[in-house]
Amino acid sequence: MVTGRWVDDEEKGHGTYTFVNRAKYAIEWTGDEPQTDGPWAYANGGKYVGGRDDREHGHGTVMYNDGGTYIGGYDHGNKQGKGTFWYPSGGLYFGDWEGGKPGGQGTFVLPDGGVYIGEWHNGMPNGLGILTEPDNSTKEGLWKDGQFVGAQDSSGGVMRKGSVLVFGASRGTGYEATKLLAERGDHVTAFVRPTSDRSGLEPLGVDYAVGNILDPASVAAAFASGEFRAVINTVGGRRGEPRPDFEGVKNMVEAAKAAGVSRVLLVTAIGTGDSLNTVSARTREVLGPVLAIKSEAEAYLTASGLNYTILRPGGLTREPASGTGIMTEDHGVMGSISRAELGALVVRALDDDSTIGKILHTVDPAITNKPPLER
Ligand SMILES: NC(=O)c1ccc[n+]([C@@H]2O[C@H](COP(=O)([O-])OP(=O)(O)OC[C@H]3O[C@@H](n4cnc5c(N)ncnc54)[C@H](OP(=O)(O)O)[C@@H]3O)[C@@H](O)[C@H]2O)c1
């Protein structure tokens, strides 16, 4: 929309168009009309050459003053149709444009060499697509606003309904992971005990499998209750109850194998397996027996042939998710992390096939207080 216009006194001179919400154009004029074939120089330094009506229209090339370059279609000032954009960051997009943004089918080559090929909407991966990382690992399936949502099954449908079975869903880390999965549209079956408090789960609309992880029949029945693409286990013991850390994992592994569910996420603890000396002497003294049975559980899972990811958290807190938690293959790392942040990392690891076969320490470097037994 033209909101202002200025023309030199001379018949052949300069003029400006100012479009609402857009850059100011300094346009060469001939008489009363803007030139129709020479370049347009944007007031902020960029240049446009190509088709036009009173705006960019048809096919054109833009060179922005930050180094970005676009060659492709336009529709009354908006990038539209087929086009290629070289971003100043080093990224490259080619494919369909819709209303000025990538929309339709397109390919984005990231500055680090990763490549996303698939559907776009509103300038972001939305729909079905595949991201191939520089290390050749892939994420293939459904994307929403640039985030990977879930894998596809063999028929091409996205496995979402009834797709994740969670042991430990009623409280703590398992609950946090369940909430994130349910809120983004994944269907979760929560394995709960008859005595578990379900009040937090009720609003999430999850399904339930009721049993005890120490009872193999109830674990097998849980796997038989749906078609699962993955299982998560965050179960931990309570004082006065039999420890579920090893027997529970063993029951879960055997039932997963029998049901053909190959993807497993297990939460153990820093101090387990080869990380015993990463924790303090005091932690080893107090938690030694628990760390020993969690080590047996890790060994059972890693030898199972299943596609496991084991997350070993440091000391757990009850703070909200911070977004600053990390997963690292460095088994010398110790620290703290909130259950909410750990729940988010569980979901992230589930989505990321490059974590398969890995044991990752999870801490939040932003928490500077040492865990109680480490002080
Ligand atoms: N506390 C720490 O600082 C710390 C540090 C490192 C690692 N960890 C480990 O991290 C994991 C997550 O810890 P968290 O504090 O978030 O959870 P948690 O309190 O250790 O685990 C609680 C969950 O396990 C379930 N559960 C316990 N026994 C069960 C059984 N026999 N059958 C089925 N479900 C059972 C509970 O169900 P109910 O609601 O029915 O009880 C609840 O959903 C645990 O493995 C824990 O040992 C903890």
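This report concerns the structure included in the present document. Worth saying up front: this structure is predicted, and the values here are computed from it rather than measured.

Summing up its helical and strand segments, the protein has five helices and 25 strands in all. Relative to its full complement of 375 residues, the protein shows a buried share of 38%. For the protein, long-range pairs separated by at least 24 residues make up 43% of all intrachain contacts whose partners lie at least 6 apart in sequence.

Before going further, it helps to spend a moment on the sheet that holds strand β17 (residues 188-192). Here we have eight strands laid out as an open sheet, ordered β18-β17-β16-β19-β20-β21-β25-β23, and mixed in their pairing. Edge positions in the open sheet fall to β18 (207-210) and β23 (326-328), since each of these has one partner strand only. Across the sheet, the axes of successive neighbouring strands diverge by a mean angle of 20 degrees, strand direction being ignored. Two strands pair when backbone bridges link them, and strand β16 (residues 164-167) and β17 are joined in this way by four bridges, in the parallel orientation. Across the sheet, the residue bridging to V166 is A190, located in β17.

Taken together, 22 residues sit near the ligand, with G172, T173, S196, G236 and A269 positioned nearest. Among the secondary structure elements, those contributing two or more residues to the shell around the ligand are α1 (172-183) and β22 (315-317). With three residues, α1 is the single largest residue contributor to the shell around the ligand. Residue classes in the shell around the ligand are distributed as eight nonpolar, 11 polar and three charged.

Each value, and the rule that gives it
- Residues numbered from 1 in each chain as written.
- Predicted model: local features only at pLDDT ≥ 70, side-chain atom pairs only at ≥ 80, totals over all residues.
- Helix = DSSP H or I, 4+ residues; strand = E, 2+ residues; numbered from the N terminus.
- Buried ≥ 20, exposed ≤ 12 C-beta atoms within 10 Å, placed from the backbone.
- Contact = placed C-beta atoms within 7 Å.
- Pairing = 2+ DSSP bridges.
- Axes fitted to C-alpha atoms, helices over the stretch in contact; angles between N-to-C directions.
- Near = placed C-beta within 6 Å.
- Nonpolar A, V, L, I, M, F, W, Y, C, P; charged D, E, K, R; others polar.

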